[in-house]
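Letter by letter, the chains look like this.
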Amino acid sequence: MEPPAEEDAAARQREEPPEARGGPRPAPVPAARLLQAALLRGARPGPGAEGGCCAKCTKRVQFADALGLSLASVRRFSEADEPRVPPAVLLRLGGPPRAPAPAPAPAPRPRLRPLFQLPGPGAAAERLRRQRVCLELVQCPAAGGAAVTGSGRVLGCPGPRAVAVRYTFTEWRSFLDVPAELQPEPAEPERGPGPGPGREPGREPGAERFHFSLSLPPCLQPEAGDAAPGAAVHFAVRFRCAQGEFWDNNAGANYTLRFGRPPDAP
């Protein structure tokens, strides 16, 4: 008795490989991996092979892929091993790391600087005797300051007297007169009998000291930083007394403070 046709067709379908039935085919395995798997299987000693006394001694756990190749590899390094970086990697990373360059020092900020030299004690005393008024000290404002200060001496005389400083920051298109404060010079200490030190250099009997302060506009203050190149302050000292009017104007050139950086600044 012959089997039914349906059973005969099902049996033939089971015997046929998937390729003949049109099913999915397994991906081909590279020959190199097949050869490596075959060598790995052939290198494993069996229970009765040399180097393995029994199945218990040779049993071990190893994770492998579908071809029996190990999924993990262990490599030990010592401190003496020096890593070798490919030249292409070094070139891509810009070479070995370099130490950061020191930050450049900030450039000095522009400020008012005098374009004149004041006389020393001996020359100041001679100028005081000749013109009765002498400028001896000028201080330009530092960071945060907004005024130029200074001092000098006048030869006192009976009657009213006044000292003022005339200054301009518009090249004399306009100017301001600022009164100065007069203070008597400290009395010279009395000398005892016998030889002793002479009079203090530059000291003049009957002289009075004056002090002044010149307020600056915002464009000439050190914090502004945006003053026009060449901006300047010009001034002169005037002394009025019963004997007349006297000026100390730097021998006719006026005293000038110009806004700028120091000569050695970058």
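For clarity, every value in this text was computed on a predicted model and none was experimentally measured.

Conventions and cut-offs
- Residues numbered from 1 in each chain as written.
- Predicted model: local features only at pLDDT ≥ 70, side-chain atom pairs only at ≥ 80, totals over all residues.
- Heavy atoms only, no water.
- Helix = DSSP H or I, 4+ residues; strand = E, 2+ residues; numbered from the N terminus.
- Buried < 20%, exposed > 50% of the residue type's maximum accessible area, 1.4 Å probe, protein only.
- Contact = heavy atoms within 4.5 Å.
- Areas by Shrake-Rupley, 256 points an atom, 1.4 Å probe, with all protein chains shown as cover.
- Phe/Tyr/Trp six-rings, centres within 6.5 Å; stacked < 30°, edge-to-face > 60°.
- pLDDT = per-residue confidence, 0-100.
- Pairing = 2+ DSSP bridges.
- Axes fitted to C-alpha atoms, helices over the stretch in contact; angles between N-to-C directions.
- Core = buried A, V, L, I, M, F, W, Y, C linked by side-chain atoms within 4.5 Å.
- Patch = residues over 30% accessible without salt bridge, like charges linked within 9 Å, V, L, I, M, F, W, Y side chains within 5 Å.
- Salt bridge = Lys/Arg side-chain N within 4 Å of Asp/Glu carboxyl O.

**A short note on the overall build of the protein**
1) Next: Each helix and strand in the protein was counted, giving six helices and 10 strands.
2) Next: By residue count, 25% of the 266 residues in the protein fall in the buried class.
3) Next: Considering only residue pairs separated by 6 or more positions, the protein has 67% of its internal contacts joining residues 24 or more positions apart.
4) Next: Put simply, the protein shows about 19300 Å² of open surface, and 57% of that area lies on carbon and sulfur atoms.

**A look at the packing of aromatic side chains**
1) Next: What the rule picks out here adds up to eight aromatic pairs.
2) Next: Considering the side-chain rings of Phe116 and Phe235, the 6.4 Å spacing of their centres and the 80° angle between planes classify their relative orientation as edge-to-face. Taken together, the positions of Phe116 in the loop between strand S1 (111-114) and helix H6 (121-131) and Phe235 in strand S8 (residues 232-241) put the pair 119 residues apart, joining distant regions of the chain.
3) Next: With a relative accessible area of 0%, Phe235 lands in the buried category.
4) Next: Plain terms: the ring middles of Phe212 and Phe235 are 6.1 Å apart, the flat faces sit at 50° to each other, and that makes the pair tilted. Linking Phe212 in strand S7 (residues 207-215) with Phe235 in strand S8, this pair joins segments that are 23 residues apart in sequence.
5) Next: These aromatic residues form a ring-pair network of at least three members: Phe116, Phe210, Phe212, Phe235 and Tyr255.

**What about the confidence of the model for the protein?**
1) Next: Scored by pLDDT, the protein has a mean of 74; 58% of the residues are at 70 or more.
2) Next: Predicted confidence is poor over residues 194-198, with pLDDT under 50, and the contacts of this stretch with residues over four places away or in other chains come to two contacts.

**What to know about the sheet that holds strand S6 (residues 181-184)**
1) Next: Taking strand neighbours across the sheet as the criterion, the four strands line up as S2-S3-S7-S6 in an open arrangement whose pairing is antiparallel. Strands at the two margins of the open sheet, each flanked by one partner only, are strand S2 (133-139) and S6. The sheet shows a mean angle of 25° between the axes of neighbouring strands, taken without regard to direction.
2) Next: Across nine bridges, the pairing between strand S3 (residues 147-155) and S7 is antiparallel. Bridging from a neighbouring strand, Leu155 pairs with Ala207 of S7.
3) Next: Relative to S2, H6 is tilted by about 135°, and along the sheet it contacts S2, S3 and S7.

**A few points about the nonpolar core**
1) Next: Core analysis: the largest hydrophobic core is formed by 27 residues, its most contacted members being Leu112, Phe210, Phe212, Leu214, Phe235 and Leu257.
2) Next: Elements that contribute at least two residues to this core include exactly S2, S3, strand S4 (162-168), S7, S8 and strand S10 (255-260).
3) Next: Ranked by residues supplied to this core, first place goes to S8 with five residues.
4) Next: In terms of nonpolar packing, the next biggest core, distinct from the first, is built from five residues, Ala124, Leu128, Cys134 and Leu155 among them.

**Observations regarding the environment of Val178**
1) Next: Residue placement: Val178 occurs in strand S5 (residues 176-179).
2) Next: In contact with Val178, not counting residues within four places along its chain, are Ala164, Val165, Tyr167, Ser213 and Leu214.

**A word on a nonpolar patch on the surface**
1) Next: Together, Val61, Phe63 and Leu71 make up a nonpolar patch on the protein surface, roughly 400 Å² of accessible area in all.
2) Next: In this structure, Phe63 sits in the loop between helix H4 (55-58) and helix H5 (87-93).
3) Next: Residue class for Phe63 comes out exposed when judged on its relative accessible area of 64%.

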